[in-house]
Amino acid sequence: MRRITLWALSTLTTLVLLFSYHTSTGGSGTASAAGTSVQAPAAAGSGTTDSGTASTDSGTTDSGTTDSGTTSGSAASKTYDGDTVQTRWGPVQVRITVVDGKITASEAIVYPNGNHEDEQINSFALPVLNQEAVSAQSASIDMVSGATVTSEGYLSSLQSAIDQAHL
Amino acid sequence: MSAVTTRVDSGPSARSTAQPGSDGAPRRAFVEQAMGLPVSVHVRGDVDRPEVGTAVDQVWGVLHRADAVFSTWRPDSELMRLRRGDLCAAQVHPWLAEVEQLCVDAERRTGGLFSASFDGAHHDPTGLVKGWAVERAALHLRHVPGISWCVNAGGDLLAGAGRQAAASTWTIGVEDPRVPGSVAATIPLRVGGLATSGAAARGAHVVDPRTATPIGRDGSATVWGPTLLWADVWATALFVDPDEGAVTLEGADPAYRSLVL
C-alpha cells in the first residue's frame, strides 16, 4: 500500500486557491467567451485529416470512486502510477484505475499541500470520468494535451500513468 | 540531455503485463525523455513485431539529434554555437536552414502572429522545432507494417498508421487551462497532428510578436489537422490572438480546426 507523502508548502494561500474543491457544476471547465472556432471541413479531401469534432464537458470535480491500491482479479481492475513530477507547488503523482481498458478513475496520490490531507484529494480527478452519464468515448482517454503539460505535474503524471498501463 | 528510458524489452512475456486498449486491441507504449520533454509513443495492432522496437529507437534518435542541433538550453547545440560565431552557416546541420525557412513561412502565413524573431535579436525556432522534429521522427513509424501509432511529445500529438495499415482513433483529453488536472474537452484523432498553446506555468511564455510582450491572458488554443508542424504554429498564433488567428487560419488552411478555451 502506497503511502501518501505530504510535503510542506511555501505558498499555502496560492495552493488553497488553486486546489480548492469545486462544487459548482457550472463553473470551471466550460469554454470561454472567446468561443470555439471550428473551421469549415476541408472541401477537397486533400489532407488525410480524419479529425472529428471536439466535445466540451463542463468541469465538475466530483469525488472519485477510486479504491486506491487494489488490483482485484475478477473485475480486471488495475491501478497504474505515473512518474512523480515536480511542479512549482511540489511533487505530483497521479494514479489511474483502469477497468477493461478504460480509465475509470484518476487521482493524485502525492499531494503537494501538506496541510490538506483531509481535503478531497480527488480534486485532481478528471471530471469527465466522474460524471454520472459518461460516454464510452470520454472515459477512454488515450492521450492528454495541454499548454502546460511540460510544466504542470498533473498532465505529465497522468500521461505517464497511461503510458505505464501499456508498457 | 540524459535519456531516461522506461521501455520494456519486446517479447510476449513482457507484454503480459500490458493493459489492452478499450477496444481490446493490443497496445504498447514506449517512453523517453527527449528535447527536455517526456515523449510517449503508443502503438496498436501488431505491436510485437521487431520493426516496432527498431522504429521507436529511430524515433528517439531523431529527437535526440534535433535536440543536439536546436536546443537553446544547451550551450553546445549547433544553434547556440552558430549564435556565438563558433560555427558559420555553412558548417552547421542543414536542418537549421530548413527550419529557418519554415519559420519565415510560418510568420507570413499567420500574418505575424507566429514569429521566430520577434525581438529582432535572435532567431529562435523553438516554437516550431518540436512539431517539426516529431514529424520527422514519426516517419520511421510510418514504415512499420500492421500498426497504428500516436506520439505525444509533451502535449504535441501526432497520429497515423504504419505501412499498409489502418489508422485508429485516439481520444485526446485537452486540459482545462484554468483548472489544472481537469479535462475540458475530448478530441478524437486518427491521422494528423494536435497541439495546444497557452500560458505556461513557468519557463517560456508565449510572446505576442506584434508587441514583443508576453501574453498575460490565461486560457489556451488547441489546433488539429493534417500536420503537427502547422497545428503547433497555428495553436501559438490562435493563443496570441484568438479572433484574428481564427480568421487568418480559416483563410490560410481550412483543413485545420481549433478549440479556444
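Structure: above.
Here goes a summary of the coordinates provided. (Residues numbered from 1 in each chain as written. Chains lettered and ligands numbered in written order. Predicted model: local features only at pLDDT ≥ 70, side-chain atom pairs only at ≥ 80, totals over all residues. Heavy atoms only, no water.)

Remarks on the environment of T110 of chain B
All names here are of chain B. Along the chain, T110 turns up in the loop between α4 (94-109) and α5 (126-138). Residue class for T110 comes out buried when judged on its relative accessible area of 0%. Taking the C-alpha atoms as reference, T110 lies 7.2 Å from L249; in sequence the two are 139 residues apart. For T110, the contacting residues outside a window of four places in its chain are V233, W234, A237 and T248. Of the polar contacts made by the side chain of T110, one reaches the backbone nitrogen of F114; its length is 3.0 Å. (Helix = DSSP H or I, 4+ residues; strand = E, 2+ residues; numbered from the N terminus. Buried < 20%, exposed > 50% of the residue type's maximum accessible area, 1.4 Å probe, protein only. Contact = heavy atoms within 4.5 Å. Polar contact = N/O pair within 3.5 Å; in protein donor to acceptor, adjacent residues only side chain to side chain.)

Notes on the nonpolar core
All names here are of chain B. Formed by 64 residues in total, the largest nonpolar core has its most connected members in V41, L63, F70, L128, W132 and L141. For this core, the elements supplying multiple residues, two or more each, are β1 (27-34), β2 (37-45), α2 (50-70), α4, α5, β3 (147-153), β10 (220-225) and α6 (228-240). Counting residues per element, this core draws most heavily on α6, at 11 residues. The residues contacting L141, other than those within four sequence positions of it, are V41, A55, V56, V59, I147, W149, V151, A161 and G162. A159, I172, A185 and L194 belong to the second largest nonpolar core, which has 15 residues in total. (Core = buried A, V, L, I, M, F, W, Y, C linked by side-chain atoms within 4.5 Å.)

Focus: the environment of V99 of chain A
With respect to the helices, strands and loops of the structure, V99 of chain A is situated in strand β4 (residues 90-99). In this structure, the C-alpha to C-alpha distance between V99 of chain A and M143 of chain A, residues 44 residues apart in sequence, is 17 Å.

Side note on the packing of α4 of chain B against α6 of chain B
All names here are of chain B. Where α4 contacts α6, the axes come no closer than 11 Å and their chain directions differ by 50°. In terms of axis orientation, α4 runs oblique to α6. Note that α4 runs across α6; the crossing there is right-handed. Touching L102, D105, A106 and R109 of α4 are L229, W230, V233 and W234, all from α6. Taken together, the residues of the contact of α4 with α6 break down into 6 nonpolar, no polar and 2 charged. (Axes fitted to C-alpha atoms, helices over the stretch in contact; angles between N-to-C directions. Parallel < 35°, antiparallel > 145°, perpendicular 65-115°, else oblique. Left-handed = near helix turned anticlockwise from the far one by under 90°. Nonpolar A, V, L, I, M, F, W, Y, C, P; charged D, E, K, R; others polar.)

Quick notes on the pairing of strand β5 (residues 170-175) of chain B
Within β5 of chain B, 6 of the 6 residues are buried, which leaves the element mostly enclosed by the surrounding structure. Bridge count between strand β6 (residues 143-145) of chain A and β5 of chain B: 3 bridges; the pairing is parallel. Bridge pairing in β5 of chain B links S145 of chain A to V174 of chain B. Taken together, the 6 bridges between β5 of chain B and strand β6 (residues 183-189) of chain B define a ladder with antiparallel strand orientation. Its bridge partner being in β6 of chain B, I172 of chain B is matched across the sheet by I187 of chain B. (Pairing = 2+ DSSP bridges.)

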